[in-house]
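Structural characterization, general
Now for the letters of each chain:
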Amino acid sequence: MPVAELQSCNACGEAFIAIEERGDRLVPPANRQVTDEFLFDAVRDSEEVDEGDEATAVASPEIVLTHCVSPLGKGQTLLFVDRKDGSPRDGDGPDHYKLTGYRRSGDKTCPACGEKGSHGTDKLYPFRFGAPFVISNAAPMLLEAMPAADGVKVPALPQQPPEKPASGKKLISFTDSRQGTARMAAKLQAETERNFVRSFIYQTVQHNAAGSGDGGKIAELEGQLAALTALPDWRENGPIAGMVDKIERQLLEMKGGASRPVPWQTLRQSLADRPELTEWLPEVWGRRAELFEHGGSSYSSQIAQALLFREFLRRPKTGNSAETMGLARLVYPEIEKATVLPKLFVEHGKTLGDWKGLLTAIITFSIRNYLVVDVSRELLNWIMRKGFPRSVVGPGLEPAKGQQAWPHVNNAGHQARVIQLLSAGLSLDPTSTADRHDINEILEKAWQLLRPLFRVDSNGLQARDFDRLSVAAVQDAFLCPITRRVVDVAPFGLTPYAEKPDQLAVPIRFPKLPTDGDSATRDHFIATDPDVTELRQRGIWGDLHDRIALFSPYARSAEHSAQISPERLRAYEAAFKADRINLLNCSTTMEMGVDIGSVHGVMMTNVPPSIANYRQRVGRAGRRGQAVSLAFTFARDRPLDREAFREPHKFLSRVIAAPSVDLNSRPIVQRHVNAYLLARFLKQNSGNALRLTCGDFFGCPANTDTKRPVAIERPAVMFADWLSRATTAEETFAAISRLT
């Protein structure tokens, strides 16, 4: 029986078991081997781009399928499979499996919803995770298991700032690839920043929602409110209505609740005041200092703004963020104040909640996804992989370059997401002239209501201003049946991603975090809270939620490899010894001859090529007489790693071979020839091999302000030309003959 791969569509969320029929056999699809394990994360990132993004997507692993079997029995095509040998059969029988699904011709469309992949990407991608994903999740757990640095007191409450990053806990990792080392260090640094910021956001909004008043005062205010609202026509009486509004705001402040938001400026300043941003993150974000010089506020405040922007600028479709995980939601004051329904909503029996949900969807899909935000292009380049800020123009206006039109029904082609949502919710047809007029009229009313959320610059360009919104806790939310992610609104009872009237959002409820509890209290909370248990059973609450509920601390990650300058390597080693770097990601440079002090744990991102390498790396932990040390090895999908995973005792019992050098080795000889030719070229051209850098050699000066030389003046181009000359071959023939 063949083992098939599970895949899903990133548009409709439908899952498929991919199987290929070849003659009388069913076999797994002949997928292209993926050599770069970071590709899967890149594919997922590229699919976060929603409608109309102009950036180039990353090509996903090519998949050629014949059958897309539905695990849920959906589809119109029947497939009968022999239970014994897994071969396809023409009809049903007692020894046959009866499967349903879809046929696919390999045109990179989803066979269920018909959506096509953009920029050459496939609409289906596999449920496959590379080593970077697994390791980036394992590293924080391993670091958490390490003891705190000597003399460092661990905070009583997890949300309290520690004395040093992650209380000085340390872990060293090894990767045999220098590029892999660099990418892993960057990924771990980004992940620890994101999870720390998410923990801070979750803690802050949950604490704000908990309230601050005592029961007696609340009861007194509720009595006053009941007496005032019992008066006839109290709404028309200005002084009484003002008193009611004041008491309601006092009750909201004291009772808390998910409707009590934190203003964006308050959230940003609270984050900026923590030592993570005042002391530690500037060491990482130092290269951005030039960007922040003219920001008009403190350095830590600008870093806080950048970190919050990275979390909230766009709402990802399927990726992790504070919103899609149900940790927080954005609150728009103009939407909260809305009280009047459009006429068409009243005629269709829709509610104020439907109207507010639609307004939120417009901001999310027609504004945020197009980056219609008040942010500089320079900052955006640092916090997002692609995209550029835009401004918005109102209904009926033609957008210029760098501008985004307000959503409206177009006369042909694919309609915007909010148009599809409106059409499904109100049973309207965008191709009908009358319905098209009704949809555009609703969207014009939305523009009039939401316009105060945008800041107008000196050129009259309008972009959303984050200082005019707030962030709040999530309590009652919805599960999107398409993305399997949390959404905070469900206009018309539909998921905001709905294209059809039957794509209903499922109500869910999130728990209240014990914000003043210690780690033991929080452990008990995530283990016993009924809302957490329900969400976990439905696949909504995962290990990452647990880590954030326990407050994931900030940890510093750095690279230690031969492509880092000696000065910076020494600085990283000193910071690691001083407990200011927690995760030191190393290539083979750290195996011998470097003292990095006391380490309790070693993580290897692959099985080392020899037992000597393994023992040298493992020996990094426990050198100072620690009672316990840990060595964690991740086995990749490679022959050596698989062998070590299946039979670890055989790998560990290998004998260390005596070192030897084969002077006839082709790679060794080739490197000597290469070195000789480069040295001769530099000598003839008065070049200094000891001071020459790669950047200078290829015509890329270290100083970005320095103009690049023209191609023919770049040393690399001159070297290639010198090698192609017949005179060079004659001059170097004797020397190369001796080397080979």
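Residues numbered from 1 in each chain as written. Predicted model: local features only at pLDDT ≥ 70, side-chain atom pairs only at ≥ 80, totals over all residues. Heavy atoms only, no water.

Take the overall build of the chain next. When helices and strands are tallied, the chain shows 26 helices and 23 strands. Scored against the burial criterion, the 740 residues of the chain give a buried share of 47%. Contacts in the chain between residues at least 24 apart in sequence constitute 68% of all its contacts with a sequence separation of at least 6. Per element, the accessible surface of the chain, about 36,900 Å² overall, is 52% carbon and sulfur. (Helix = DSSP H or I, 4+ residues; strand = E, 2+ residues; numbered from the N terminus. Buried < 20%, exposed > 50% of the residue type's maximum accessible area, 1.4 Å probe, protein only. Contact = heavy atoms within 4.5 Å. Areas by Shrake-Rupley, 256 points an atom, 1.4 Å probe, with all protein chains shown as cover.)

As a further point, take the pairing of strand β5 (residues 77-82). Sheet faces and side chains relate simply in a regular strand, where the side chains alternate between the two faces. By the bridge criterion, six bridges tie β5 to strand β7 (residues 96-103) in an arrangement that is antiparallel. Directly across from L79, in β7, lies its bridge partner L99. Note: β5 against strand β6 (residues 88-89), two bridges, orientation antiparallel. Its bridge partner lying in β6, V81 is registered against P88. The turn joining β5 and β6, which pair antiparallel and follow one another in sequence, is formed by five residues; a positive phi near 75° is taken by G86. (Pairing = 2+ DSSP bridges.)

Let's shift gears to the confidence of the model for the chain. Close inspection of predicted coordinates is inappropriate in any region flagged by low pLDDT. Summing up the model confidence of the chain, the mean pLDDT is 85 and the portion of residues at 70 or higher is 90%. In the predicted structure, residues 46-65 sits below a pLDDT of 50 and forms 69 contacts with residues beyond four places in sequence or in another chain. (pLDDT = per-residue confidence, 0-100.)

On to the sheet that holds strand β11 (residues 329-331), then. With antiparallel pairing, the three strands of this open sheet are ordered in space as β10-β16-β11. Pairing within the sheet leaves two strands with one partner each, and these edge strands are β10 (262-263) and β11. As defined by bridge partners, β10 adjoins strand β16 (residues 470-472) across two bridges and the pair is classed as antiparallel. Note on β16: the bridge partner recorded for V262 is V471.

Quick look at the packing of helix α16 (residues 519-528) against helix α17 (residues 530-537) now. Between α16 and α17, whose axes approach to 6 Å, the crossing angle comes to 55°. In terms of orientation, α16 and α17 fall into the oblique class. Residues F525, I526, A527 and T528 of α16 touch α17, and the partners they reach there are P530, V532, T533 and R536. (Axes fitted to C-alpha atoms, helices over the stretch in contact; angles between N-to-C directions. Parallel < 35°, antiparallel > 145°, perpendicular 65-115°, else oblique.)

Our focus in this paragraph is helix α19 (residues 566-577). Over its 12 residues, α19 runs 17 Å from end to end, which matches the ideal 16 Å to within 8%, given 1.5 Å per residue. Residues of α19 that are buried: L569, Y572, E573, A575 and F576. Along α19, the residues classed as buried sweep out an arc of 165° about the axis, all on the same side. Looking at the buried residues of α19, the elements they touch are β9 (171-174), β20 (557-560) and β21 (583-586). D579 lies just past α19 and shows a positive phi near 65°. (Expected span 1.5 Å × (residues − 1). Arc of directions from axis to C-beta.)

Turning to the sheet that holds β20, a few remarks are in order. Ordered in space as β20-β21-β9-β22-β23, the five strands form an open sheet in which the pairing is parallel. Of all the strands in the sheet, just β20 and β23 (630-633) have a single pairing partner and so form its edges. When strand polarity is set aside, the average angle formed by the axes of neighbouring strands in this sheet is 20°. Running at roughly 170° to β20, helix α3 (residues 178-209) makes contact with β20 and β21 of the sheet.

Within this structure, the stated rule accounts for 20 aromatic pairs. Where F719 meets W722, the ring centres are 6.2 Å apart and the plane angle is 20°; that geometry is what we call stacked. With a gap of three residues between them, F719 and W722 both fall in helix α25 (residues 715-724), about one helical turn apart. The burial state of F719 is the same as that of W722; both residues are buried. Linked through ring pairs, F681, F697, F698, F719 and W722 together constitute an aromatic cluster. One cation-aromatic arrangement involves R83 over Y97; the distance from NZ or CZ to the ring centre is 4.4 Å. Here the basic side chain of K170 rests over the ring of F576, its NZ or CZ set 5.0 Å away from the ring centre. (Phe/Tyr/Trp six-rings, centres within 6.5 Å; stacked < 30°, edge-to-face > 60°. Lys NZ or Arg CZ within 6 Å of the ring centre and 35° of its normal.)

Those residues of helix α7 (residues 275-284) not exposed but buried are P275, E276, L277, W280, L281 and P282. Of the surrounding secondary structure, the elements contacted by the buried residues of α7 are α3, α6 (264-272) and α9 (299-312).

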